[in-house]
Amino acid sequence: MGELSGLRVAVAGLGPMGRGIARVFAEAGAQVSVVDVDAAATARGYETLLAEADPPVTVSTAASVTEAVRDADLFVEAVVERFDAKLALLAEVRAAGNETLVVASNTSSLSIGELGVAFGDPARVVGLHFFNPPTKMRLVEIIRGARTDPEVVERARAWVAGLGKTAVLCADSPNFIVNRVCRPLYYESQLLVTQGMTPEVVDAAVKGALGHRMGPLELLDFTGLHTHLGSSETALREFGDPRYRPIPLTRQLVRAGTTGRAAGRGYYDYAAGKPRQAQAAVTRSPESAADGQVHVYRAVDCTPADVAAVRELAADRRVVVDSSAGGWVEHLPPGVGWLRLHRHGEQTFAEVVADEVAGIAPAFDAADALGATSVPVLALPGLVVDRLAHTMVNEALTLVEEGTAAAADVDLALRLGMNHPVGPLEYLRDTGPVEVLAGLRALLTGFGDPRYRPAQLLVRQAAGSRRG
Ligand SMILES: NC(=O)c1ccc[n+]([C@@H]2O[C@H](COP(=O)([O-])OP(=O)(O)OC[C@H]3O[C@@H](n4cnc5c(N)ncnc54)[C@H](O)[C@@H]3O)[C@@H](O)[C@H]2O)c1
């Protein structure tokens, strides 16, 4: 007996999402009826659903949406992502006259409030944003429109729990939680490519230092650059904030038809077989030249006092600066190495600055002596990892500050939706607001771009932690 036995669910749209959603409800014991745009499409989708279903599930087909929703408790729409298509469908559902039906949309980008108004009864409309594939991904973002009845939200929560999944609650805000917090990850990784870094190095640094399963550029290729461009444009339009503007390189790649893995080419070339693994960018020098006597000078910033201290230390020993502060590009004393160490579990990972243009020789020997695996990076403000991590934390805080989601839900969403080992706000707690704020301010100074404007909540937290 499943958790949801007795629940009657109608699912419209038998693309990958609708098929997966129908399966998870059926597996939980609900009585599921499915429908696509016409009888032939419904039959095709139903066949595919049954063929994919392991374990097998029982679902039935309906001749029309009207028939599907007549006796249902819950309607989930997973039709094509177009407002006009969803609008026409919702009109049909309303006309069916089931006045107690809860209407859920799996939309990734449309406003739940707007869909609610279009349906004619916004109190009953809620977002149930499943992740792909719904059968495997545990996370569901529940989107509450401004006029969604709180009782409907509570029922949605109970159903998600009945599916054995984890719900996070999100206000009706563009990109919801996961896609919003990951925006800087995508923007910054692409900007790094435009500033001279290779996709292999960027992805290797993120995987090695932050423990992400896929690098951001691999992920962009997987999702499709056109999809990313679309959600960037939505974010820019809806928030009216220049920090969300798309990267020119994304547009160029989309215009050239090189939109990622499905197209055969994006940031990586898939035509010639598997792309070179990002991990290939990771280096270890064959011989360790350092004898283990490396003095590591950790510096969040690059103040005149830091520079003087490094000069003094370097007078009689091998010194490396452990910092991502961009100021070192101009003030690194001669003979001193520059790296940034990250501890991830038992591992130490190093970004080693190797920049011929800036005249900085890589201190791979020092990284080796410290037992670190390393990638060579250019002398750019924030290097790779801190730049991505700090901008992601900033986005997460902005989302919390504006009331879109609670901090605990943001962390849960990123851990379950993206497999990040720690959520952005847990990362903030570990690193401390003072250091994250210093990192963002250095990026703002280095690039002069509003992308790096710190959230006021971060400024206040940093002040509080200095006082407290
Ligand atoms: N693909 C993803 O990774 C993903 C993840 C989360 C959410 N979503 C969202 O889920 C929804 C569906 O995504 P997908 O990738 O499965 O879409 P898809 O475009 O592959 O499939 C949509 C299906 O809906 C059918 N359809 C269109 N109009 C219909 C109507 N009026 N009545 C019944 N069926 C109709 C189409 O025939 C098609 O089978 C979209 O809103 C999308 O944004 C997608």
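Being a predicted model, the structure only gives us computed values, none of them experimental.

It is not clear to me how the site of the ligand should be interpreted in this structure. Could you clarify?
As a matter of local geometry, the ligand sits amid 20 residues, with Met17, Asp36, Glu81, Lys86 and Asn106 nearest to it. Side-chain polar atom of Lys86 to an oxygen atom of the ligand: 2.7 Å apart, as the coordinates give it. For the ligand, the accessible surface in isolation is 840 Å², of which the surrounding protein chains cover 73%. When atom positions are compared with the pocket grids, the ligand is found to occupy the largest pocket. The residue makeup of the shell around the ligand, split by class, is 10 nonpolar, 7 polar and 3 charged.

Would you mind showing me how to read the UniProt feature "domain: 3-hydroxyacyl-CoA dehydrogenase NAD binding" (unreviewed entry) in the protein here?
Mapped onto this numbering, the UniProt entry annotates "domain: 3-hydroxyacyl-CoA dehydrogenase NAD binding" (unreviewed entry) at residues 9-172. For residues 9-172, helix accounts for 40% and strand for 23%, while the C-alpha atoms at its two ends are 23 Å apart.

What exactly am I supposed to notice about the packing of helix α1 (residues 16-27) against helix α2 (residues 39-52) here?
Between two packed helices, the angle of one axis relative to the other and the distance separating the axes together describe the packing. Viewed as axis vectors pointing N to C, α1 and α2 meet at an angle of 55°, and their least axial separation amounts to 10 Å. Of the possible angle classes, the one that applies to α1 and α2 is oblique. Between α1 and α2 lies a crossing of right-handed hand. Touching Arg19, Ala22 and Arg23 of α1 are Gly45, Thr48, Leu49 and Glu52, all from α2. Classifying every residue of the contact of α1 with α2 by side-chain character gives 2 nonpolar, 2 polar and 3 charged.

In this structure, what is going on with the domain arrangement of the protein? I would like to understand it.
How big an interface is tends to be expressed through the accessible area that disappears when the partners come together. By the assigned domains, the protein splits into domain 1 (8-172), domain 2 (179-281) and domain 3 (294-377). Computed from C-alpha atoms alone, the centre-to-centre distance between domain 1 and domain 2 is 30 Å.

Which parts of the structure should I look at to understand the packing of aromatic side chains?
Think of a pair of aromatic rings as described by two things: how far the centres are apart, and how the planes are tilted against each other in angle. Considering all chains together, one arrives at 3 aromatic pairs under this definition. Taking the ring centre of Phe119 as reference, the NZ or CZ of Arg94 above it sits at 5.4 Å. The aromatic ring of Tyr187 is capped on one face by Arg451, whose charged end is 5.0 Å from the ring centroid.

Just checking my understanding: could you explain the sheet that holds strand β5 (residues 102-105) for this structure?
Sheet strands line up and pair through hydrogen bonds in the backbone, either parallel or antiparallel. The 8 strands are arranged β3-β2-β1-β4-β5-β6-β7-β8 in an open sheet whose pairing can be described as mixed. Edge positions in the sheet fall to β3 (59-61) and β8 (166-171), since each has one partner strand and no second. Averaged over all adjacent pairs, the angle separating strand axes in this sheet is 25°, with direction ignored. Seen against the sheet, helix α5 (residues 112-119) touches β5, β6 (125-130) and β7 (139-144) and runs at an angle of roughly 135° to β6. Running over the sheet, helix α6 (residues 150-162) touches β4 (74-77), β5, β6, β7 and β8 and is turned about 175° from β7.

So what exactly am I meant to see when it comes to the nonpolar core here?
As a rule of thumb, nonpolar side chains are buried together in soluble globular proteins. In terms of nonpolar packing, the biggest core is built from 105 residues, with Phe75, Ile177, Tyr267, Trp328 and Val410 touching the most fellow members. A per-element tally of this core places helix α16 (residues 385-401) first, with 8 residues. The residues contacting Tyr267, other than those within four sequence positions of it, are Gln190, Val193, Pro199, Leu217, Leu220, Asp221, Leu225, Leu249, Thr250 and Leu253. Counting 37 residues, the second-largest nonpolar core is a separate cluster that includes Ile21, Phe25, Val32 and Ala78.

Hey, could you run me through the pairing of β6 in this one?
Within a regular strand, side chains alternate between the sheet's two faces. Most of β6 sits inside the fold, with 6 of its 6 residues counted as buried. Here β6 shows no split at all, with Val125, Gly127 and His129 on one side and Val126, Leu128 and Phe130 on the other all buried. Judged from the 3 bridges that link them, β5 and β6 form a sheet pairing that is parallel. Paired with Ser105 across the two strands is Gly127, which belongs to β6. Regarding the hand of the β-α-β motif, the stretch spanning β5, α5 and β6 is right-handed.

What counts and how
- Residues numbered from 1 in each chain as written.
- Predicted model: local features only at pLDDT ≥ 70, side-chain atom pairs only at ≥ 80, totals over all residues.
- Heavy atoms only, no water.
- Near = heavy atom within 4 Å.
- Polar contact = N/O pair within 3.5 Å; in protein donor to acceptor, adjacent residues only side chain to side chain.
- Areas by Shrake-Rupley, 256 points an atom, 1.4 Å probe, with all protein chains shown as cover.
- 1 Å grid on protein atoms, 1.4 Å probe; cavity = no way out; pocket = protein on both sides within 12 Å on 5 of 7 lines; lining within 4 Å.
- Sits in = over half its atoms within 2 Å of the grid points.
- Nonpolar A, V, L, I, M, F, W, Y, C, P; charged D, E, K, R; others polar.
- UniProt positions renumbered as here; feature names shortened; annotations may be inferred.
- Helix = DSSP H or I, 4+ residues; strand = E, 2+ residues; numbered from the N terminus.
- Axes fitted to C-alpha atoms, helices over the stretch in contact; angles between N-to-C directions.
- Parallel < 35°, antiparallel > 145°, perpendicular 65-115°, else oblique.
- Left-handed = near helix turned anticlockwise from the far one by under 90°.
- Contact = heavy atoms within 4.5 Å.
- Domains from an automatic or database assignment.
- Phe/Tyr/Trp six-rings, centres within 6.5 Å; stacked < 30°, edge-to-face > 60°.
- Lys NZ or Arg CZ within 6 Å of the ring centre and 35° of its normal.
- Pairing = 2+ DSSP bridges.
- Core = buried A, V, L, I, M, F, W, Y, C linked by side-chain atoms within 4.5 Å.
- Buried < 20%, exposed > 50% of the residue type's maximum accessible area, 1.4 Å probe, protein only.
- Right-handed = clockwise from strand over helix to strand, strands pointing away.

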